[in-house]
Amino acid sequence: MCGIAAIIPEKKVEGIGKKLVDMLIAQQIRGADSAGFAFYFSENEHYGIRVGHHVNEEEKVKELIRNLCSERRINEIKIDNLTTNSLEKYTTCFYRVEPEKNISEIINAINNYQGEAWLISYGKRLDIIKDIGLIGDITKKYNIEKLENIVFGIAHVRTATHTEVNSRNAHPFSTSAIPDIAVVHNGEISNYHKLKSRLENKGYKFFGSTDTEVIAVWIADRLNSGYSLENATREFVETADGPFTCVISIPNEVAFVKDRYATRPATAGYCREGYWAISTDLAGLHAVNATKNLDSLEPGGVRVFNTK
Amino acid sequence: MPSDAQKRVGQMAKDGSAAYRGGATQKYDFWEDISILAAQVGMPPFDSYKEDFDISLKLGGRYSKNILSLNMPIVVAAMSYGAISRTAKLAIHDALNELAIEGIKLALNTGEGGALPEELNEHEYNLIVQYASGRFGVNLDYLKKADAIEIKLGQGAKVGLGGHLLEDKITEDVARQRQIPIGVSAFSPARHMDIIGPEDLDAKVSELREITDWEKPILVKVGASYVKNDAEIITKSGADAMVVDGSEGGTGAAPLVAAEHLGINTVAAIPAARRSLDISIQNLYNAIPKNKGNVELRDVQLIGSGGLWTSDRIVKAMALGADCVGIASGILIAMGCTQCQQCHEGRCVKGIATQDQELEKKLDREEVKMKIKNYIYALRDEIKKLNMAAGFYKIGDMTIENLRTCNVNVSAMTGIKMQGSDVIIGLDRQ
């Protein structure tokens with residue numbers, strides 16, 4: 001029981017943050033545990049890295065990243081230090097790093113960090129913001145509606161089924177295997193233990209135990225092998241088992257995919273203002289007026305939307 | 001009442017040599033203590049009455065050019081001509097051929113006694129020929145006509161011993177087939193004369209690859225004992241698949257003490273083999289230089305066997321890590337075997353495990369063919385139902401995480417979580 005939202009413009013569209021918030025509010029009933037957004041901004045010269053950690057680890061991780069960048073220039077921007085909720089023990093920090101060659105050292109350091117710290121997202125365009133609570137509160141807390149320069153984005157409200165409710169397990173998910181990838185997902189990859197162990201054998205790092213992270217890493221692995229997003233996603237439908245509908249985004253492309261029985265709902269619709277939207281409930285499409293050319297996909301279907 | 005051990009002493013005092021028996025060991029039934037988790041609300045079950053289930057399997061292809069395609073992850077495991085009668089062999093052959101024509105293609109392992117001409121030349125199913133220490137029936141034709149080759153290092157019922165075919169069952173025909181003398185018990189060697197260490201297995205796999213132009217998948221079968229080490233060696237040897245045969249496996253004849261006390265159980269062997277194969281592959285990945293880019297290594301497939309007679313055991317074995325299972329005694333029981341454990345005497349009243357012409361006539365080839373087919377249909381149906389209820393629409397996706405047990409011993413042996421508490425007994429899984 002989760003809700004997916006995506007806004008994929010064909011040309012420049014303003015207020016994407018607001019549109020995604022509206023779509024999620026319309027679907028709040030589908031999930032009230034946590035919510036999250038993956039925003040793709042216009043291309044940046046420098047890498048942005050968002051790291052999550054336990055409150056107690058925050059200073060240590062900052063020190064680590066500072067040290068790795070000490071001899072080079074680093075422009076460290078801490079845009080948020082969650083959280084207002086007293087139950088939540090996790091915080092996140094966003095770093096903007098230059099020059100580019102530092103990036104793999106930092107990613108390796110986070111991959112190998114002994115303690116409760118993990119990579120949320122990294123890349124030249126992507127930032128993922130996620131937290132526990134209701135969508136209205138999260139929107140206010142992070143000023144989502146005011147964010148500028150968003151080119152496209154995907155979002156999610158979550159009802160936790162298998163893992164704990166915390167910002168760490170909230171969607172969207174990304175991976176350290178490849179920059180700028182985000183996944184939101186409704187359903188369950190029932191063979192995720194199997195897929196995960198195979199990817200772990202290949203040396204990929206997992207930061208959590210959710211099945212959605214497995215999708216991100218699996219797709220990243222295929223993209224690393226030279227697959228297009230469409231081919232990777234088609235192979236994923238053949239490989240994965242169980243009921244799932246997911247939206248996978250990389251720069252300039254968003255894939256929309258359903259399992260072979262199309263067990264979970266979701267529909268794509270077009271708005272005359274010039275964008276596609278994908279939503280689990282039709283209410284989400286109504287919220288942003290994207291009700292033309294509706295496409296719910298064939299069972300096992302894959303559709304890739306192009307954007308800028 | 002004299003105890004079993006007491007009876008054995010009496011027997012030993014009378015005979016002066018090891019007692020034999022046939023059939024399968026049924027000392028433990030650990031499978032009964034394992035349950036499969038069903039899907040409910042977090043993930044819904046699929047409907048086995050209305051929706052399709054993909055039950056096919058691709059076997060081989062790690063280094064072989066050919067990949068076997070099975071419509072059900074079942075190999076009819078090794079039962080040699082000699083151990084069982086020609087009629088029994090042919091009934092199985094007929095059943096598998098008909099199933100293959102109906103679209104249910106399985107695989108048949110010849111066993112170590114060589115292949116019958118019908119099996120070699122008229123098989124619609126996948127034929128796996130066994131390359132055992134006695135080399136009975138092995139020639140170029142045998143290797144070339146097979147779909148896959150299995151190097152048999154040992155079998156679960158009597159790990160560490162070679163094959164036994166006692167003199168009563170060695171008729172003229174069996175002797176000709178195996179190229180052995182009539183009237184003398186045939187004991188094949190306990191080890192291959194040219195495979196006495198890990199490097200020799202490597203060489204043997206390469207040799208068979210060269211002989212068959214790298215076409216045929218090569219399987220290596222071991223009896224379950226030092227499973228972890230054997231799995232590592234098999235991974236390094238370059239075999240396509242490992243066959244691990246637990247001690248519940250049946251046999252035509254074995255020293256009683258060996259059948260009862262050598263080797264470990266299938267339920268423990270399969271997850272141990274799977275973990276070790278995974279780690280071995282992980283080590284191979286780690287050994288690849290970083291600048292080589294994204295290299296794809298194919299997994300070593302695992303075929304589990306030994307006492308896997310029913311659909312629940314098959315599904316559980318697959319969840320524990322087997323890609324495919326071997327069934328032998330199950331097929332015999334479907335044919336009417338009563339597991340009287342007298343196979344070694346060659347006086348099987350059902351006409352299965354005998355070479356006596358009169359007894360063999362009791363086996364109606366048509367009738368048992370139907371029974372085998374029905375058994376396979378039923379297994380197929382039940383495997384489908386269990387998987388779909390657990391939330392899967394493809395075979396081979398279930399893992400140990402989808403099982404629970406009510407037996408602390410099973411949990412400690414396998415790593416299956418306990419029912420309710422989700423605790424795994426014991427810590428070190430390596």
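The rules we used
Residues numbered from 1 in each chain as written. Chains lettered and ligands numbered in written order. Predicted model: local features only at pLDDT ≥ 70, side-chain atom pairs only at ≥ 80, totals over all residues. Domains from an automatic or database assignment. Contact = placed C-beta atoms within 7 Å. Nonpolar A, V, L, I, M, F, W, Y, C, P; charged D, E, K, R; others polar. Buried ≥ 20, exposed ≤ 12 C-beta atoms within 10 Å, placed from the backbone. Helix = DSSP H or I, 4+ residues; strand = E, 2+ residues; numbered from the N terminus. Arc of directions from axis to C-beta. Pairing = 2+ DSSP bridges. Axes fitted to C-alpha atoms, helices over the stretch in contact; angles between N-to-C directions.

### Considering the domain arrangement of chain A
Residue and element names in this part refer to chain A.
(1) Moving on: Taken domain by domain, chain A holds domain 1 (3–43 + 134–306) and domain 2 (44–124).
(2) Moving on: The centre of domain 1, based on its C-alpha atoms, is set 23 Å off from the matching centre of domain 2.
(3) Moving on: On the domain 2 side, the residues contacting the 14 residues of domain 1 number 17 residues.
(4) Moving on: Looking at side-chain class alone, the side of domain 1 that touches domain 2 contains five nonpolar, four polar and five charged residues.

### Some remarks on helix H4 (residues 135–142) of chain A
Residues and elements named next belong to chain A.
(1) Moving on: Listing the buried residues of H4 in full gives Ile135, Ile138 and Thr139. The arc that holds the buried residues of H4, viewed along the axis, is 100 degrees, so those residues lie on one side.
(2) Moving on: Asn143 sits one or two residues past H4 and shows a positive phi near 55 degrees.

### Remarks on the sheet that holds strand E9 (residues 182–187) of chain A
Residues and elements named next belong to chain A.
(1) Moving on: Taken together, the four strands give an open sheet; going across it, the order is E9-E10-E11-E15, and neighbouring strands pair in antiparallel fashion. Only two strands of the sheet have a single partner each, and these edge strands are E9 and strand E15 (302–306). The average undirected angle you get between the axes of adjacent strands in this sheet is 10 degrees.
(2) Moving on: Summarising the sheet, strand E11 (residues 253–258) and E15 pair through five bridges and their orientation is antiparallel. By the bridge assignment for E15, Ala255 is matched with Val304.
(3) Moving on: Across the sheet, helix H6 (residues 211–224) touches E9 and strand E10 (244–250), and the angle it forms with E9 is around 135 degrees.
(4) Moving on: Contacts between helix H7 (residues 229–239) and the sheet are confined to E10, E11 and E15, with E11 contributing the most and set at about 15 degrees to the helix.

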